[in-house]
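Chain by chain, the residues run as shown.
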Amino acid sequence: MTAALLDTLRQIVGAAHVLTDGDLAAYEQDWRRRQRGRALAVVRPASTAEVAAVVRACAAAGTSIVPQGGNTGLSVGSTPDASGTQVVLSLARMNRVRGIDADNLSMTVEAGCVLQSVQQAAAQAGLLFPLSLAAEGSCTIGGNLATNAGGTQVLRYGNARELCLGLEVVTPQGEVWDGLSGLRKDNTGYDLRDLLVGSEGTLGIITAATLKLHAQPVARLTAWAAVPSMQAAVQLLGLAHRHLGAGLTGFEAMGQFALSLVVRHMPQLRVPFAGLEGAPWCVLLENSDSESEEHARARFEHLMELAFEDGCVLDAVVAESIAQARELWHVRESIPLAQAQEGLNIKHDISVAASRIPEFVAHTDALLAREVPGARLVTFGHLGDGNLHYNVQAPEGGDAAAFLREQEPRVNALVYDAVAAHGGSFSAEHGVGALKAGTLVRYKSPVALGMMRAIKQALDPQGIMNPGCVLLKE
Ligand code: FAD
Ligand code: ZN
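The text that follows walks through the structure, step by step, so that each part is easy to find. (Residues numbered from 1 in each chain as written. Chains lettered and ligands numbered in written order. Predicted model: local features only at pLDDT ≥ 70, side-chain atom pairs only at ≥ 80, totals over all residues. Heavy atoms only, no water.)

Here we look at the overall build of the protein chain
Phase 1: Of regular secondary structure, the protein chain possesses 15 helices and 19 strands.
Phase 2: Taking 474 residues into account, the globule formula puts the C-alpha radius of gyration at 23 Å, and the protein chain, at 23 Å, falls close to it.
Phase 3: Each of the three principal axes of the protein chain carries a C-alpha extent, and together these read 70 × 55 × 45 Å.
Phase 4: Within the protein chain, the proportion of its 474 residues that are buried is 54%.
Phase 5: For the protein chain, restricting intrachain contacts to residue pairs at least 6 apart in sequence, the fraction spanning at least 24 positions comes to 73%.
Phase 6: Carbon together with sulfur atoms contributes 53% to the accessible area of the protein chain, which is approximately 20,000 Å² in total.
Phase 7: Across the protein chain, the 37 positively charged side chains and the 48 negatively charged ones have centroids separated by 5 Å. (Helix = DSSP H or I, 4+ residues; strand = E, 2+ residues; numbered from the N terminus. Rg over C-alpha atoms; globule rule 2.2 N^0.38 Å. Buried < 20%, exposed > 50% of the residue type's maximum accessible area, 1.4 Å probe, protein only. Contact = heavy atoms within 4.5 Å. Areas by Shrake-Rupley, 256 points an atom, 1.4 Å probe, with all protein chains shown as cover. Lys, Arg positive; Asp, Glu negative; His and termini not counted. Charge placed at Lys NZ, Arg CZ, Asp CG, Glu CD.)

Below you can see the structure in the form of structure tokens.
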């Protein structure tokens, strides 16, 4: 049976694109090295018709499929389980830009296009595709849509869902749904596009997408501010919303401990206000404008003056050049790497309404200090979206692996209970994957879970699309 399936797959995509031997670690191991699975085969189709034929062959054999883009996901959703019976379907070869419609501000690309190449294609047409995240050199647009990725520009442009106008999808039965529409208005029944966005490969395979483009901003300004408290950071956010309107494109918060790890592990980087007395947080603000740099700068500097007067900023720098702005962003984006160099840690990607973040942080910091003595909190993230990476680092000098083994479930329960008590979500942008399928059962309402299971059953009754991801296996 297995040999027959492999033969069929070779006929569909060519023997060179059915990988069964050699080192398959790049496909079988997740980015964070949390789990190493084993695939029956890695199949690399080159067209939508080939994807559909692969799915039909797998469905006929009852073989389950794990769709994979850049394999940069952080929730263990794109790698096979340990059974050696699943087919990894890599979209990497489907990487063509099918077309750009500049007047409609849209472009149609295949799912395996790397995010950075989508950004570049839009820029070459004088337009902007604003989705931006640190993995953009490797992650694919199919993976971005399947996880509804967020990143640093959500405040202004929305997450991947809001940047998608239409999809082409291969169903779990191997049929092709051509929903590639550049329409901004279409109220003809259930929104299948929005059902597929964020479905993490469990309802079908995204083979192409029509994306929403924007005008390139004329001026882009970046500031770095030291603030006296999280409450002050949220106050600054409100001021920035009122004074910059839609010009506010980024608002990131970084705790001093997170910044101290950058200072420690990347001494070549200059971190403004690192360790400044009385300033437990720093904030990175970005303003993108369609007016001239001069006007934009005057308005931005006026905002910072108001913030000083209000007492919500202690000190601030506004980048003088694009190079300086890049350096500031580089510091922010270096936190995850600096944290990894410090050692193993427990990651949480949570969201709470921005207005409730100060209360959530004060409550949960105190709770962890009491319940998990010595744990170090690496808190940073997209405060403008109410999304924090609230990470817990093992105590200094201790055995980090033992800390994770002994404490991870308890720490997760403490943090996620606090998130739930503040009306938040345990996964703001990284998705559920296999890693948090159990967490979903605990925190999602039974009514919502029931509807999700009914949708899965209706679209994939055989249960072959990424089983165990998002929803636990029955
Ligand atoms: P993969 O990892 O290959 O897959 C992710 C999920 O999508 C899996 O469940 C997979 O089965 C499914 N999938 C993939 N392609 C398809 C397809 N064509 N059709 C159907 N299902 C598919 N995320 C954020 O939201 N914001 C961030 O700021 C952010 N920063 C990151 C920084 C780093 C350094 C890293 C490593 C990751 C970061 N991420 C971030 C995680 C983010 O989810 C992924 O980087 C990205 O969206 C996944 O794209 P991918 O192509 O790598 O997908
Ligand atoms: Zn993030």
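Things to note about the packing of helix 8 (residues 230-244) against helix 12 (residues 357-371)
Two quantities define a packed helix pair, namely the angle between the axes and the distance from one axis to the other.
Phase 1: Contact geometry of helix 8 with helix 12 gives a least axis separation of 8 Å together with a crossing angle of 165°. Taken together, helix 8 and helix 12 sit at an angle that is classed as roughly antiparallel. As for how helix 8 packs across helix 12, the hand of that crossing is right-handed. For the pair helix 8 and helix 12, contact is made by M230, Q231 and V234 and by I357, P358 and V361, respectively. (Axes fitted to C-alpha atoms, helices over the stretch in contact; angles between N-to-C directions. Parallel < 35°, antiparallel > 145°, perpendicular 65-115°, else oblique. Left-handed = near helix turned anticlockwise from the far one by under 90°.)

So, the coordination of the zinc ion (ligand 2)
Phase 1: On the protein side, the zinc ion (ligand 2) has H382 (NE2), H389 (NE2) and E429 (OE) as donor atoms, found 1.9 to 2.3 Å from it.
Phase 2: Counting residues between consecutive donors of the zinc ion (ligand 2) along the chain gives the motif H-x6-H-x39-E. Of the two residues, H382 and H389, both sit in the buried class. (Donors = N, O, S within 2.8 Å, 3.2 Å for Na, K, Ca; no water.)

Focus: the sheet that holds strand 9 (residues 176-179)
Phase 1: The sheet built from 5 strands is open, its strands ordered 5-6-10-8-9 with antiparallel pairing. Single-partner strands in this sheet number two, and they are strand 5 (97-101) and strand 9. The sheet shows a mean angle of 15° between the axes of neighbouring strands, taken without regard to direction.
Phase 2: Strand direction decides the pairing type here: strand 8 (residues 164-170) and strand 9, joined by 4 bridges, are antiparallel. Looking at the pairing, V170 lines up with V176 of strand 9.
Phase 3: Sheet strands in contact with helix 3 (residues 48-61) are strand 5, strand 8, strand 9 and strand 10 (205-212), and its direction is about 50° off that of strand 8.
Phase 4: Strand contacts of helix 4 (residues 115-124): strand 5, strand 6 (106-110) and strand 10, with the helix running at about 145° to strand 6, the strand carrying the most contacts. (Pairing = 2+ DSSP bridges.)

Structural notes on the packing of aromatic side chains
Phase 1: Summed over the entire model, instances satisfying the criterion amount to 4 aromatic pairs.
Phase 2: A centroid spacing of 6.0 Å and a plane angle of 75° characterise the contact between Y416 and Y443, whose relative ring orientation is edge-to-face. Here the residue Y416 occupies a position in helix 13 (residues 400-421), and Y443 occupies one in helix 14 (residues 437-443), the gap between them amounting to 27 residues.
Phase 3: Accessibility expressed as a relative area gives 5% for Y416, which makes it buried.
Phase 4: Taken together through their ring pairs, the aromatic side chains of Y416, F426 and Y443 make up a single cluster. (Phe/Tyr/Trp six-rings, centres within 6.5 Å; stacked < 30°, edge-to-face > 60°.)

A word on the site of ligand 1
Phase 1: Every one of the 34 residues lining ligand 1 counts as a neighbour, but P67, G69, T72, G73 and T140 are closest to it.
Phase 2: Here G69 contributes a backbone N or O atom positioned 2.7 Å from an oxygen atom of ligand 1.
Phase 3: A distance of 2.6 Å separates an oxygen atom of ligand 1 from a polar side-chain atom of T72.
Phase 4: When the free accessible area of ligand 1 is taken as 970 Å², the share hidden by the protein chains comes to 93%.
Phase 5: Elements with a contribution of two residues or more to the shell around ligand 1: strand 3 (65-68), helix 5 (141-146) and strand 10. (Near = heavy atom within 4 Å. Polar contact = N/O pair within 3.5 Å; in protein donor to acceptor, adjacent residues only side chain to side chain.)

Considerations on the packing of helix 1 (residues 2-13) against helix 3
Phase 1: Packing of helix 1 against helix 3 leaves a shortest axis separation of 9 Å and a crossing angle of 170°. The pairing of helix 1 with helix 3 is recorded here as roughly antiparallel in orientation. Contacts from L5, T8, L9, I12 and V13 of helix 1 reach helix 3 at E50, A53, V54, A57, C58 and A61.
Phase 2: Across the contact of helix 1 with helix 3, the residue classes break down as 9 nonpolar, 1 polar and 1 charged. (Nonpolar A, V, L, I, M, F, W, Y, C, P; charged D, E, K, R; others polar.)

A closer look at helix 8
Phase 1: The end-to-end C-alpha distance of helix 8, which contains 15 residues, comes to 21 Å, matching closely the 21 Å that a straight helix rising 1.5 Å per residue would cover.
Phase 2: The elements touched by buried residues of helix 8 are strand 12 (219-227), strand 13 (248-255), strand 14 (281-289), helix 10 (293-310) and helix 12.
Phase 3: Directly beyond the C-terminal end of helix 8, a positive phi value near 55° is found at G245. (Expected span 1.5 Å × (residues − 1).)

Concerning the sheet that holds strand 1 (residues 18-19)
Phase 1: Ordered in space as 1-2-4-3, the 4 strands form an open sheet in which the pairing is mixed. Two strands close off the open sheet at either side, each with one partner strand: strand 1 and strand 3.
Phase 2: By the bridge criterion, 4 bridges tie strand 3 to strand 4 (residues 86-90) in an arrangement that is parallel. The residue of strand 4 that forms the bridge with I65 is V87.
Phase 3: On the sheet, helix 1 packs against strand 1, strand 2 (39-43) and strand 4 and is oriented at approximately 10° with respect to strand 2.
Phase 4: Against the sheet, helix 3 makes contact with strand 2, strand 3 and strand 4, and its axis sits at roughly 175° relative to strand 4, the strand it touches most.

As for unusual backbone geometry
Phase 1: Not every positive phi belongs to a glycine, and F273 is a case in point at roughly 60°.
Phase 2: Among the structural elements, F273 can be located in the loop between helix 9 (256-265) and strand 14.
Phase 3: Phi angles above zero are rare outside glycine, and N466 is one such case at about 45°.
Phase 4: Note that N466 resides in the segment after helix 15 (446-459).

Observations regarding the environment of H330
Phase 1: Mapped onto the elements of the fold, H330 is located in helix 11 (residues 322-342).
Phase 2: Given the relative accessible area of 44%, H330 is considered partly exposed.
Phase 3: Sequence spacing of H330 and A149 is 181 residues, and the spatial spacing of their C-alpha atoms is 20 Å.

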